[in-house]
Structures are given as structure tokens and as C-alpha cells.
Amino acid sequence: MPPLDQPLDRTADQAPNQPLDRRVRIGAVYTRSINLARDGNTPELVRAYLPTSRALQSLRQIADGLTKDAHNRALALIGPYGSGKSTLGLFAGALLAAPETELHQAATTVLDGADRDLSERFRSAVAGQRGYLRVTVNGIPDSLVRQLMLALAIAVEQAGLPPALQEELLGVAESGAPMDAVLKLVSRVQRAWAYAGGSGVLIELDELGKILEYESFHPQRREIHLLQLLAEHAQQASPTPLQVLVMLHQAFEHYSHRLGKQLRDEWQKVQGRFEANAFLEPAEQALRVVGAAFERDGALPAAVSAQLDRASATLTAEGALPLGLEAEKARQLFDRCYPLHPVTLLILPTLCQKVAQNERTLFSYLGSSEPYGLGERLGSVAWSPPSPAGGGAERLRLAPFWHAPEPAPARHYSLPRALRARWLPHVSGP
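All values reported here derive from a predicted model rather than from experimental measurement.

A. Here's a closer look at helix 4 (residues 53-64). In a regular helix each residue adds 1.5 Å, so 12 residues correspond to 16 Å; helix 4 covers 17 Å between its end C-alpha atoms and thus fits that length. Of all the positions in helix 4, only Ala55, Leu56, Ser58, Leu59, Gln61, Ile62 and Ala63 are classed as buried.

B. A look at the nonpolar core. Counting residues in hydrophobic clusters, the biggest one holds 53 residues, and the most contacted among them are Met149 and Leu227. Broken down by element, the residue count for this core peaks at 10 residues, all from helix 8 (residues 144-159). Once residues within four sequence positions are removed from consideration, methionine 149 is found in contact with Leu169, Val172, Ala173, Val182 and Leu185. Counting residues in each nonpolar core, the second largest holds 35 residues, with Leu315, Leu333, Val343 and Phe363 among its members.

C. Expanded view of the sheet that holds strand 3 (residues 132-138). Sheet architecture is open: five strands sit in the order 3-4-5-2-6, paired in parallel fashion. For this open sheet the edge positions go to strand 3 and strand 6 (275-278), each flanked by a neighbour on one side alone. The average undirected angle you get between the axes of adjacent strands in this sheet is 15°. In this structure, strand 2 (residues 74-78) lies alongside strand 5 (residues 242-248), joined through five bridges in parallel fashion. Note that in strand 5 the partner of leucine 77 across the bridge is methionine 247.

D. Region of the structure containing the packing of aromatic side chains. The full count for this structure, using the stated rule, is two aromatic pairs. When the ring centre of phenylalanine 217 is taken as origin, the NZ or CZ atom of arginine 258, which lies over that ring, is 3.8 Å away.

E. View of the packing of helix 15 (residues 302-317) against helix 16 (residues 327-336). Relative to each other, helix 15 and helix 16 sit at 140°, their axes nearing to 10 Å. When the axes of helix 15 and helix 16 are compared, the crossing they make is right-handed. Taking contact as the criterion, the partners of Ser305, Leu308, Asp309, Ser312, Leu315 and Thr316 in helix 15 are, on helix 16, Ala327, Arg331, Phe334 and Asp335. Looking at the contact of helix 15 with helix 16 residue by residue, the class counts come to four nonpolar, three polar and three charged.

F. The pattern of salt bridges, seen in detail. Evaluation of the coordinates by the stated rule reveals 18 salt bridges. Among the ionic pairs, arginine 188 bridges to glutamate 168, the shortest N-O distance being 2.4 Å. With a gap of 20 residues between them, arginine 188 in helix 10 (residues 179-195) and glutamate 168 in helix 9 (residues 163-172) connect regions that are remote in the sequence. Here arginine 188 falls in the partly exposed class, since its relative accessible area comes to 32%. The exposure class of glutamate 168 is partly exposed, given its relative accessible area of 35%. Taken together, the shared-partner salt bridges connect Asp112, Arg116, Glu120 and Arg123 into one network.

G. Inspection of the environment of serine 364 at higher detail. Tracing the backbone through its elements, the reader meets serine 364 in helix 18 (residues 358-367). Residue serine 364 is classed as partly exposed on the basis of its relative accessible area of 40%. Distance from serine 364 to leucine 374, taken between C-alpha atoms, is 9.2 Å for residues 10 residues apart in sequence.

H. Focus on unusual backbone geometry. For the bond running from tyrosine 338 to proline 339, omega is 15°, close enough to zero to count as cis. Within the fold, proline 339 resides in the loop between helix 16 and helix 17 (342-355). Of note in this structure, glutamate 207 is not a glycine but carries a positive phi near 55°. Relative to the helices and strands, glutamate 207 is located in the loop between strand 4 (200-206) and helix 11 (208-217). The exposure class of glutamate 207 is buried, given its relative accessible area of 18%.

Thresholds, definitions, all that
Residues numbered from 1 in each chain as written. Predicted model: local features only at pLDDT ≥ 70, side-chain atom pairs only at ≥ 80, totals over all residues. Heavy atoms only, no water. Helix = DSSP H or I, 4+ residues; strand = E, 2+ residues; numbered from the N terminus. Expected span 1.5 Å × (residues − 1). Buried < 20%, exposed > 50% of the residue type's maximum accessible area, 1.4 Å probe, protein only. Core = buried A, V, L, I, M, F, W, Y, C linked by side-chain atoms within 4.5 Å. Contact = heavy atoms within 4.5 Å. Pairing = 2+ DSSP bridges. Axes fitted to C-alpha atoms, helices over the stretch in contact; angles between N-to-C directions. Phe/Tyr/Trp six-rings, centres within 6.5 Å; stacked < 30°, edge-to-face > 60°. Lys NZ or Arg CZ within 6 Å of the ring centre and 35° of its normal. Left-handed = near helix turned anticlockwise from the far one by under 90°. Nonpolar A, V, L, I, M, F, W, Y, C, P; charged D, E, K, R; others polar. Salt bridge = Lys/Arg side-chain N within 4 Å of Asp/Glu carboxyl O.

Here you go:
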């Protein structure tokens, strides 16, 4: 983004009534949902990733399992809808890709800016080798055995491993297949990948809750124990160690409510084999991601910058900034995220956590051109740099954007009382 003192370009001066959507944009990579199987080889998504504090914690846990004698290589990311678990899974897979690939280089470059030492740990884990064989399972209501074997077969084919191994995997891709046969094939894939020069095997199970719900309707198959066996198998030393990363919205036992007490206890025991990480970003971290999504041509008019200065000073004085967000960073964020009113910006992450799907809802609002979406608002207000006489400044008002996002067709959004009490008294002006 250009510095604040940079003048507007000539095009803007010649078109003062340009709609804001010609000058302000939301990066498309932030508004799409992530599908690990579909998006796993998309460097643009990796470059746009912003490692947050929670993401760095999870990446350090993964890095701890990269050595051949590590004992904990099974991690469960547990967090609500839209909190960024799938995006982290995509980024982790890119970090473990072959070192010469664009994907790996993009990921390590991004991580260098957040934690250089952590980035070096991932570089060292794949140095001189083909990286990790990535096996992605996008959870659907189906047999865990079937979905895992199909995903392994796809990974084996894409990696150019022996076709006979792929055929064996497909032959076992049946619900009710013996668990020992499944584990033997996982071991065979590891050995084949080691022979091909690979560093390890990464199994990522996204939306695991859907598979667990299916399992709760078919408890007689006991396929949930495959998760326990995989986690235990991942502890074993190997030239190509196994890493298991599962992502789900709630703890295992929340999917077992229709089962008897004995089975519920067994499900809890299975979850105990995984190192659980509660994955929900604090508001300050979510705001950093929002700021990265905004793109703007030119600096703000002086009158608007003055408005932001006053709002920032008031919010700071009243102690209304989120924990961890310093005053200077907040002021930069308010500028970056224009034309969102500072109060709207601060409320958005908490509001989406309280009543919707976290960052997924937040970015759906920011990228939406539907009624009440930010895109629709941007197209309805003009960018009007102030005239030399100063009369144009009033035309660039924050008022149209200070209201929180409203889901169509509702015309009003009721804020929780705690949010109203905390934020709204600090707002004055239009």
C-alpha cells in the first residue's frame, strides 16, 4: 500500500466521482474457502497466508515431529467453522513439499517473515529430498477406511510410485477392511516413498467431524480405532516418518452423543492419542488478516485521515482496543481497512465469532457484492478527494460503512449487549 503522504495519482484527480470499488479492493484469495485436495498446489494461496500466533504454535508442534526419533506426530486442530484450520493445513503441506518446488519456496518465504528459526526447521526436514508425500482426505459422511485408502491411492499415483501399490490400496478401500491390512499398506507407502527419495508422509484429514458423525451411525464397524492406530503408528521411528494432522470443529466426544457410555469412553481414549490444539484466533490476530486483505490505490484524503486520527485517539483513551493491539498498529490498521469505520472493524471479528462462522463469514461479507455486503457498499459511494477549497472532504464520509454487516434480507442487526456497551459509547459523528 502506498505511504500516507503519497499524492493521489492523476487518474484519481481526473475522476473525483469514481466509485470506491474502483480504488478499494479485497484480495480474492482471502474470500474463497479452502479445499485441501483442490487447492493443495496453489502457490498464490500460500503467498497470501498470514501466520498468526495460533498458527505458529501449531506449526511448531508439527516441526517438533519432523525428526526421525520424535514421538509425537499426531495433531488435532479443534476449532469452530471458518477459523482457518484448512488454510493452516494447506500451508503446512506447502512447507513440507519438495524444496525445489514453487510451493515450498513460497511457504518458507512467508514463514521467514514471522519466525525464521521455525522456517529453517522445515527447510532442514526436506533438504535434498522429495519432501513429504501429502495425503489429503476431505471429510464426507463415509467410511474412514475407504476415504483414507482412496486418498493414499491418489497420492501414490501422483507421486509416480509403483502402480501395483495403488491397486492394492484400491483393493482395500472398502468399509470393514481389516485394520492390520490398512496399517501394513500405510507402512508400504512409507517404504516406497523412502525408496523414491522422500522425506516423510503427511496425512491430513480435514472436516473429520463428518466422518465421525457417519461412524456414530455405524458404531459396529469400530473404524474410529483406525485413528488411534494411525496416531500410534506415527510415533514409530522411520526413514520416512508419518505425520497425522486432523481438523474438526469439536472434540471427539461431541460427535458420540448417540452412543453408549462405553463407546463414548473409547472415543475419548482415541482423542487422547492426539495432541489437541484449540484453534481460534484472538480478535487482534483476526484483524491482522483483515488488514492484509484490503488493497487500495492512492493515499487517503487529509480530512479522512484526520477523522481516523480522532477515532483512534478516542478508542485508545477509552481502552477499547483489543488486547494485544497497540495504538500505533491500530491506527495503521484503520487506514489500511478504509472505508470500514474503526468501530465496525473492531467489532467484526468478535461479531462473526459470536453469531456466525468466524473468519469465513467475515471474509464472505468483505468480498460480497450482494445487498449489505461490503462490495455493494463500495460501488454505491464515490471517491471524492477534497478540492483546493476544502469543500470535497465532506463527501467522503465514513457513515455508510460504520454499521455492522447485515445478512440479507434483514435490515437490522442486533449486537449483543456486551458489545454495545463496550463499543458504541465511543462512537460520535455521523
